Amino acid sequence: MTDKLRPLKIAGLGYCVPETVITNDDLTKLYETSDEWIYTRTGIKERRVVSGNETAIDLGLDAAQKALAKSGLKPEDIDCVISAASVPPQLYPTLACTLQDKLGIPNQVPAFDLTAACTGLIYALQVARGFIGAGIYKTILIVASDNNSKITNWEDRGTSILFGDGAGAMVVTEAEDGIDDILSIQISADGSIGQMIQTNMPGQCCPLVEQADEVGTGKIIMNGKDVYKFAVTTVPAYVEDCIKKSGLTSEEIDYLIPHQANQRIIESIQNRLKYTDDKVISNIKYYGNTSAASIPIALVEGVEQGKIKLGSTAVLCGFGAGMTWGAAVVRLRKGIC
Ligand code: COA
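Residues numbered from 1 in each chain as written. Predicted model: local features only at pLDDT ≥ 70, side-chain atom pairs only at ≥ 80, totals over all residues. Heavy atoms only, no water.

(A) Spatial organisation of the pairing of strand 13 (residues 324-332). Buried residues dominate strand 13, accounting for eight of its nine residues. The pairing of strand 8 (residues 182-189) with strand 13 spans seven bridges and is classified as antiparallel. Along strand 13, the bridge assignment pairs Ala 189 with Thr 324. Where strand 12 (residues 312-320) meets strand 13, nine bridges bridge the pair, whose relative direction is antiparallel. Each residue of the ladder has a partner; that of Gly 318, found in strand 13, is Gly 326. (Buried < 20%, exposed > 50% of the residue type's maximum accessible area, 1.4 Å probe, protein only. Helix = DSSP H or I, 4+ residues; strand = E, 2+ residues; numbered from the N terminus. Pairing = 2+ DSSP bridges.)

Given below as structure tokens:
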């Protein structure tokens with residue numbers, strides 16, 4: 001089946017993080033905690049947050065402009081926009097519609113948001129692969145952007161230590177040279193354990209009817225221990241399986257670029273693959289968990305810092321609320337970021 005798909009080229013990538021830094025020490029002003037406690041359990045030292053009127057729209061716009069510039073393509077070349085945010089700054093108009101307008105992408109081009117929390121980028125890539133593979137659209141802009149700080153309960157020291165804001169974007173297009181940059185990709189979900197991470201939107205029933213027992217707060221509620229167990233038991237074997245399907249061995253893949261949720265979770269995947277530190281891209285120390293944006297941020301920053309050499313291959317993996325998870329083995333061509 002997949003053999004018949006048209007090949008996909010990853011043409012350009014970009015990322016953006018807000019300027020404002022909140023360190024672990026800053027968090028001690030909000031509740032009793034310490035840099036040592038947070039760093040040893042998560043690997044996080046600081047995170048970036050939006051401030052004032054800044055939102056995930058601004059971050060997504062900047063990341064998308066950089067990805068477009070790197071791809072050498074123009075807004076007019078984009079024939080579909082997919083945005084992935086855990087909780088977009090507004091439900092509608094969607095992030096994708098807003099970015100279509102702000103980027104000057106022609107106004108008949110379809111644009112929609114896809115919600116798969118921290119797995120959003122891998123889900124969007126799979127959807128884009130389907131569209132391009134079937135010849136429905138030729139060039140798709142994927143934007144993963146989140147302002148987690150706006151849905152964080154800043155009184156909850158179990159969750160607010162983890163999350164940060166940021167955006168990543170990817171331009172994918174039909175590969176005219178016939179080389180497919182997706183060697184394997186798979187996405188999964190298990191709604192039966194969805195209560196591990198929840199964000200329930202506020203909202204009352206019509207005043208003329210009985211009211212619900214509980215009203216959502218719009219903030220992240222998480223059972224950290226269960227999420228941790230889920231991640232370390234599910235993701236490493238899943239990544240190994242995705243590698244098997246790519247036709248490569250784990251030794252043949254140059255880099256592991258995982259979702260940045262917790263350094264110990266990253267290490268559990270690294271240990272399974274028996275990778276040395278230089279093959280594993282981690283920047284959680286400086287950004288925390290930026291949801292769907294964390295993989296493209298780690299990828300592009302990894303290239304900028306010389307940790308990733310392009311003309312290589314990487315296994316990407318994500319997991320998060322839903323629960324959702326996914327992995328992809330991809331080719332990273334020269335010049336994409
Ligand atoms: N500072 C100091 N103490 C803290 C604290 C903080 N920021 N947060 C919690 N504690 C305390 C708790 O109150 C608890 O105290 P108690 O034993 O007296 O009740 C103790 O530390 C242990 O708390 P617990 O929640 O069991 O810690 P943990 O070892 O599970 O670590 C996480 C918490 C959140 C770091 C960890 O569970 C985790 O990273 N989970 C994965 C979450 C994740 O990745 N989510 C996103 C997925 S996309």
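(B) Region of the structure containing the packing of helix 3 (residues 56-71) against helix 4 (residues 95-103). At a closest axis distance of 10 Å, the pairing of helix 3 and helix 4 adopts a crossing angle of 55°. Judged on the interaxial angle alone, helix 4 and helix 3 are oblique. Seen along the crossing, helix 3 lies across helix 4 with a hand that is right-handed. Where helix 3 abuts helix 4, its residues Ala 56, Ile 57, Gly 60, Leu 61, Ala 64, Gln 65 and Leu 68 lie against Leu 95, Thr 98, Leu 99, Lys 102 and Leu 103. Of the residues in the contact of helix 3 with helix 4, the class split is eight nonpolar, three polar and one charged. (Axes fitted to C-alpha atoms, helices over the stretch in contact; angles between N-to-C directions. Parallel < 35°, antiparallel > 145°, perpendicular 65-115°, else oblique. Left-handed = near helix turned anticlockwise from the far one by under 90°. Contact = heavy atoms within 4.5 Å. Nonpolar A, V, L, I, M, F, W, Y, C, P; charged D, E, K, R; others polar.)

(C) The arrangement of the sheet that holds strand 8 in detail. The strand order 8-13-12-11 describes an open sheet built from four strands, whose pairing is mixed. Of all strands in the sheet, those with a lone pairing partner are strand 8 and strand 11 (255-258), marking the two edges. Sheet twist, expressed as the mean angle between neighbouring strand axes with direction ignored, is 15°. In this fold helix 6 (residues 224-246) packs onto strand 8, strand 12 and strand 13, with an angle of close to 150° to the strand it touches most, strand 8. Across the sheet, helix 7 (residues 263-273) is in contact with strand 11 and strand 12; its angle to strand 11 comes to roughly 150°.

(D) Up close: the site of the ligand. Near the ligand there are 21 residues, and of these Thr 33, Arg 157, Gly 224, Lys 225 and Asn 262 occur at the shortest range. Here an oxygen atom of the ligand and a side-chain polar atom of Asn 262 are 2.8 Å apart. A total of 960 Å² of accessible area belongs to the ligand in isolation, and the protein chains cover 71% of it. Ranked by residue count, the leading element in the shell around the ligand is helix 6, at four residues. Tallied by class, the residues present in the shell around the ligand amount to nine nonpolar, eight polar and four charged. Taken domain by domain, the makeup of the shell around the ligand includes at least three residues from each of domain 1 (8-174) and domain 2 (182-332). (Near = heavy atom within 4 Å. Polar contact = N/O pair within 3.5 Å; in protein donor to acceptor, adjacent residues only side chain to side chain. Areas by Shrake-Rupley, 256 points an atom, 1.4 Å probe, with all protein chains shown as cover. Domains from an automatic or database assignment.)

This is a description of form; function is not addressed.
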